[in-house]
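Listed below are the residues making up each chain.
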Amino acid sequence: MLRNTRVMNRFDLTRRLVAKLKDEAVVGGIGFSNFDLWASSAGRAENFYMLGSMGLAVPIALGVAIAQPRRKVFALEGDGSLLMQLGCLATVAARAPRNLAIVVWDNGVYAITGGQATPAAQAGTDIVAVARGAGIAQSAWASDEAEFEALAEQALAGDGPWLIAARIDAERPAKQTPRDPVLHRQRFMQGMGVREG
Amino acid sequence: MADATTRSWHGIVLDVLRRNEVRLVTYVPDNVLRPLIEGAHADPFFTAFPTAREEEAAGIVCGAWMAGMRGIVLMQTSGFATLPNVLASLACACQIPLLMMVSERGTLGEFNLGQALVCRTMRPVLDALGVEHHTITRLDEAEFIVDRTIRQAVGTQAPACLILSPLLTGGKVAS
Ligand SMILES: Cc1ncc(C[n+]2csc(CCOP(=O)(O)OP(=O)(O)O)c2C)c(N)n1
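Residues numbered from 1 in each chain as written. Chains lettered and ligands numbered in written order. Predicted model: local features only at pLDDT ≥ 70, side-chain atom pairs only at ≥ 80, totals over all residues. Heavy atoms only, no water.

The name an unreviewed UniProt entry assigns to chain A is Thiamine pyrophosphate enzyme TPP-binding domain-containing protein, from the organism Caldovatus sediminis.

Take a look at the structure:
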C-alpha cells in the first residue's frame, strides 16, 4: 500500500483540502504543517495554527470536536509529530468523534529541524496500519491527489473518525505563520463563534 | 446542601465544577483521584475520559475551551512533570485558562523516592511560568479555593493549577 502511493506536495494538498471547506475547523500541527495551512488560507478564521506543542494537533482538534459536535474538525499533523503522541490515536478511537478527521503528512523526516529521518521511516512503520490497529477503522493512504480529494470529500460527508495519510515531498512551505499565539487563538475563537469580532 | 464539614473533598470539587460549567474532565488516573474520577463518570453533566498522556489531556481541554467548552485536567504529580512544554507553548503563550488539578504525591509520607524528587519540580515549574497555583489542605477551604481559582482563570484567561495536598485527601501511604 505504502509502496504504491505517489509522493505529493503538502502545500498542493492543503490547498485542495481548504478549497472544499466552509465552516470546518482546521488545526495545523507544528512547523511546516501550519506554515502551509497559513500559506493556503491565511484569512480563514476557522484555522488554528499550533506553534510550539509538537504532537498536539490531534488532541487540540479532538477537544474542538467534542466542544462542537456539529462542526467537522480536521487536524493536519506531520508524521514525526504524530509519532511523538501515538497514544492519541487510541484516545480518538475510544471517543469515536464522528466529526474528526486526521490528515498525516508523511515525509519520513523531521523536515523543519534539518530533515533527519524518523525512526518510523527507518523501521518502515506504516502509520495507517498503526491507526487501524489503534481502532480508527477508517484510515487510508491517499495514493494520489485524486484519491486524497476523494477521501477528504468522504470525511466531509460521512461519519468519522477518519485518518488520511499522504506521502509528501521535501519542498519547504512558501510562507511562515506569524509567531503570534494570542492572535491565532483569538481569531480561531471568533471563527468558532465563541468570540465576537 | 450539606454542611461543608460533612461533605467529601471530591463532592465539593464536583459541585464547584458543575456550578462553573466545567464539563470536560480529562485525566490520567491516580489512586487518590479515584472518587473524583468516578463521580465525574457517574454524572452525565460531565464528559469524562482518560487519555494516554497528560499532554494529550491538556491539549484536548485547550482545544475545547477555544471552541466554547470549559474543562479540567486531572493528574498526579508525576503527570504534571510531563507538562512544562505544553503549558509554556500552548496554555501560557495562547492565554488559555487551562485548569489543572494535581493529586500531590511525594510529600508527607511518600515511600517512593522518584515521587518525592519529582514533586519538588512542580511548584518551581509553575512559578517559573507564572502559573497561579493553590494547594488545598483543608476541607473547609476547598470550595472557596476551587471556585475562586476557576473564576480567576477564566476571567484573566490564564492557566491555573490546584494541588490536592495529602492533608486534604489522606494521600497514599505504603501498605
Ligand atoms: C517536544 C518537542 N521536541 C522537539 C521539538 C523540535 N521540533 C520542532 S518541529 C520538529 C519536527 C516535526 O516533524 P514533523 O511533524 O514530521 O513535521 P515536518 O517538520 O517533517 O514537517 C521537531 C523535532 C519540539 N518543538 N518540541
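Can you walk me through the pattern of salt bridges in this structure?
Close approach of charged atoms lets side chains of opposite charge pair. A full pass over the atoms with the stated rule returns 21 salt bridges over all chains. Here the residues in one salt-bridge network are Arg7, Asp15, Arg18, Arg19, Asp43, Glu143, Asp147 and Arg151 of chain B, joined through shared partners. (Salt bridge = Lys/Arg side-chain N within 4 Å of Asp/Glu carboxyl O.)

Explanation requested: the state of the cysteines in the structure shown.
Here, disulfide denotes a covalent bond that connects the sulfur atoms of two cysteines. In total, this model carries zero disulfides over all chains according to the counting rule given. Cys88 of chain A forms no disulfide, and the closest cysteine sulfur to it belongs to Cys62 of chain B, at a distance of 15 Å. When its relative accessible area of 2% is taken as the criterion, Cys88 of chain A is described as buried. Take Cys62 of chain B: it sits in no disulfide, and the sulfur closest to it among the cysteines is that of Cys94 of chain B, at 7.8 Å. (Disulfide = S-S within 2.5 Å. Buried < 20%, exposed > 50% of the residue type's maximum accessible area, 1.4 Å probe, protein only.)

Is there a simple way to think about empty space enclosed by the protein in this case?
One simple way to see leftover space: roll a probe sized like a water molecule over the atoms. All names here are of chain B. Enumeration according to the criterion identifies two cavities of 30 Å³ or more in this entry. Here the largest cavity is characterised by a volume of approximately 40 Å³. Along its surface, the largest cavity is lined by Glu104, Arg105, Gly106, Thr107, Leu108, Glu110, Pro166, Gly170, Gly171 and Lys172. Residue composition of the lining of the largest cavity, grouped by class: two nonpolar, four polar and four charged. The computed volume of the second largest cavity comes to approximately 40 Å³. (1 Å grid on protein atoms, 1.4 Å probe; cavity = no way out; pocket = protein on both sides within 12 Å on 5 of 7 lines; lining within 4 Å. Points joined across faces, edges and corners; volume = space filled by probe spheres on them. Nonpolar A, V, L, I, M, F, W, Y, C, P; charged D, E, K, R; others polar.)

Just checking my understanding: could you explain the site of the ligand for this structure?
Around the ligand, the surrounding shell holds 16 residues, and the nearest of these are Asp79, Gly80, Ser81, Val109 and Ala111 of chain A. Surrounding the ligand is a set of residues that belongs to chains A and B. Between the ligand and the protein, one listed contact pairs an oxygen atom with a side-chain N or O atom of Arg10 of chain A at 3.5 Å. Burial of the ligand by the surrounding chains reaches 76%, relative to a free accessible area of 590 Å². (Near = heavy atom within 4 Å. Polar contact = N/O pair within 3.5 Å; in protein donor to acceptor, adjacent residues only side chain to side chain. Areas by Shrake-Rupley, 256 points an atom, 1.4 Å probe, with all protein chains shown as cover.)

What is the right way to look at the sheet that holds strand β4 (residues 99–103) of chain B in this model?
Strand pairing within a sheet occurs via backbone hydrogen bonds; the two strands may be parallel or antiparallel. Residues and elements named next belong to chain B. Spatially, β2-β1-β3-β4-β6-β5 is the arrangement adopted by the six strands of the open sheet, whose pairing is parallel. Each edge of the open sheet is held by one strand with a lone partner, namely β2 (47–50) and β5 (132–136). Averaged over all pairs of adjacent strands, the angle between strand axes in this sheet comes to 20°, irrespective of strand direction. Sheet analysis places strand β1 (residues 22–27) next to strand β3 (residues 70–76), joined by five bridges and oriented parallel. (Pairing = 2+ DSSP bridges. Helix = DSSP H or I, 4+ residues; strand = E, 2+ residues; numbered from the N terminus. Axes fitted to C-alpha atoms, helices over the stretch in contact; angles between N-to-C directions.)

Looking at this model, I keep getting lost on the environment of Ala57 of chain A. Mind explaining?
All names here are of chain A. By secondary structure assignment, the location of Ala57 is in helix α3 (residues 57–67). Residue classification places Ala57 among the buried positions, given a relative accessible area of 0%. Residues Ala57 and Arg132, spaced 75 residues apart in sequence, show a C-alpha to C-alpha distance of 19 Å. In this structure Ala57 touches Val27, Gly28, Gly29, Met50, Ala75, Leu76 and Glu77, once residues within four positions along its chain are discounted. (Contact = heavy atoms within 4.5 Å.)

Where do I start with the pairing of β5 of chain B in this structure?
Taken residue by residue, a regular strand's side chains alternate between the two faces of the sheet. Residue and element names in this part refer to chain B. Both β5 and strand β6 (residues 160–164) contribute to a ladder of five bridges, which runs parallel. By the bridge assignment, Ile136 is partnered in β6 with Leu164. As a crossover connection, the stretch from β5 through helix α7 (residues 139–156) into β6 is right-handed. (Right-handed = clockwise from strand over helix to strand, strands pointing away.)

Is there a simple way to think about the sheet that holds strand β7 (residues 138–141) of chain A in this case?
Residue and element names in this part refer to chain A. Taken together, the six strands give an open sheet; going across it, the order is β2-β1-β3-β4-β8-β7, and neighbouring strands pair in parallel fashion. Both edges of this open sheet fall to β2 (47–49) and β7, since each of them pairs with a single strand only. Each adjacent strand pair in this sheet contributes to an overall mean axis angle of 15°, direction not counted. Sheet topology note: the strand β3 (residues 73–78)/strand β4 (residues 100–106) ladder contains six bridges and is parallel. Residue pairing for β4: Leu76 is matched across the bridge by Val103. Those strands touched by helix α2 (residues 32–41) are β1 (25–28), β2, β3 and β4, and its axis lies near 140° from that of β2.

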